[in-house]
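# Coordinate analysis (summary)
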Amino acid sequence: MKKQKIILTRGLPGSGKSTWANEFVAKSNGKAKRVNKDDLRAMIDAGIWSRTNEQLILDARDALVDMWLFSEVETIIVDDTNFEPKHFERMKKIADNQRYKHECKYLTTDISVEYKDFLDVSLDECIHRDSLRTKPVGAKVIRDMHQRYILPTIKDKYTNVKNGNAIICDIDGCAAH
């Protein structure tokens, strides 16, 4: 059975997603490919984001993923922030369609879709790394994304601890005194 994997990176700009993805692809001996919407925008629209052209960018991303799934590629990295669940759902749909195509040709393929999280990189570090780029997205954009996507997950974890949904281990005995 042929095994393939779609990995969606998830994290703020400057969290190391593209660095990790590029290193992974470089070490893969051609068995991994990477697609990034910023890179597609740079090729297609001189790097300019617009609501009008974004569907074209998404279609190009999806076409590349779809094409690579019907090849010898083992790992496809969708190297973007990927906070919106619609991106994960879209990759699952593409994988399901490919499974169907393979089954019709009497081939079996196991295609998994998963996240590679970069959520542990601090806001300040992401802003610092972004400031060193040739084309930074800017501190305001990163702060807004942090506020919208990262803080709610931190608050959820805190709420679970506050409501007793946690196990606390006192390894050094400090809490016992």
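We now turn to the structure provided with this report. (Residues numbered from 1 in each chain as written. Predicted model: local features only at pLDDT ≥ 70, side-chain atom pairs only at ≥ 80, totals over all residues. Heavy atoms only, no water.)

Quick look at the packing of aromatic side chains now. Tallied over the entire structure, the rule returns four aromatic pairs. With a centroid separation of 4.7 Å and an interplanar angle of 25°, the aromatic rings of Phe 88 and Tyr 115 are classed as stacked. Remark: Tyr 115 occurs in strand β4 (residues 109-117) and Phe 88 occurs in helix α4 (residues 85-104); sequence separation between them is 27 residues. Three or more aromatic residues joined by ring pairs make a cluster, and in this case those are Trp 20, Phe 24 and Phe 118. The ring of Phe 118 is capped by Lys 116, whose NZ or CZ atom sits 5.6 Å from the centre of that ring. (Phe/Tyr/Trp six-rings, centres within 6.5 Å; stacked < 30°, edge-to-face > 60°. Helix = DSSP H or I, 4+ residues; strand = E, 2+ residues; numbered from the N terminus. Lys NZ or Arg CZ within 6 Å of the ring centre and 35° of its normal.)

Formed by 17 residues in total, the largest nonpolar core has its most connected members in Ile 6, Leu 8, Val 65, Leu 69, Val 78, Met 91 and Val 113. At the level of elements, β1 (2-10), α3 (51-69), β3 (75-78), α4 and β4 are the ones that each hand at least two residues to this core. With sequence-adjacent residues up to four places away left out, Met 91 is seen in contact with Ile 6, Leu 8, Arg 61, Asp 62, Val 65, Val 78 and Val 113. With nine residues, the next largest nonpolar core counts Val 121, Cys 126, Ile 127 and Ile 142 among its residues. (Core = buried A, V, L, I, M, F, W, Y, C linked by side-chain atoms within 4.5 Å. Buried < 20%, exposed > 50% of the residue type's maximum accessible area, 1.4 Å probe, protein only. Contact = heavy atoms within 4.5 Å.)

Let us now look at the layout of surface pockets. Here the largest pocket is characterised by a volume of approximately 1,400 Å³. Around the largest pocket, the lining comprises 41 residues; the ones closest to its centre are Asp 38, Arg 41, Trp 49, Thr 81 and Val 137. For the lining of the largest pocket, the class distribution of residues is eleven nonpolar, twelve polar and 18 charged. (1 Å grid on protein atoms, 1.4 Å probe; cavity = no way out; pocket = protein on both sides within 12 Å on 5 of 7 lines; lining within 4 Å. Points joined across faces, edges and corners; volume = space filled by probe spheres on them. Nonpolar A, V, L, I, M, F, W, Y, C, P; charged D, E, K, R; others polar.)

Running from N to C, helix α2 (residues 37-45) and α3 cross one another at 115°; their axes reach a closest spacing of 10 Å. α2 and α3 meet at a crossing whose hand is right-handed. Together, Lys 37, Leu 40, Arg 41, Ile 44 and Asp 45 of α2 and Asn 53, Glu 54, Leu 56, Ile 57, Leu 58, Ala 60, Arg 61 and Leu 64 of α3 make up the contact between the two elements. Class assignment of the residues belonging to the contact of α2 with α3 gives a composition of seven nonpolar, one polar and five charged. (Axes fitted to C-alpha atoms, helices over the stretch in contact; angles between N-to-C directions. Left-handed = near helix turned anticlockwise from the far one by under 90°.)

The next subject is the environment of Thr 81. Checked against the element boundaries, Thr 81 lands in the loop between β3 and α4. Looking at Thr 81, the relative accessible area reads 23%, which means it is partly exposed. Counting along the chain gives 37 residues from Thr 81 to Phe 118, while the straight-line C-alpha distance between them is 9.1 Å. Among all residues touching Thr 81, those that are not within four sequence positions of it are Thr 9, Arg 10, Gly 11, Pro 13, Lys 17 and Met 145.

This brings us to the side chain of Thr 9. Within the fold, Thr 9 resides in strand β1. Engagement of the side chain of Thr 9 in a polar contact is seen with the backbone oxygen of Asp 80, the distance being 2.9 Å. If we skip the residues at most four places from it in the chain, Thr 9 touches Lys 17, Trp 20, Ile 77, Val 78, Asp 79, Asp 80, Thr 81, Asn 82, Lys 116 and Phe 118. (Polar contact = N/O pair within 3.5 Å; in protein donor to acceptor, adjacent residues only side chain to side chain.)

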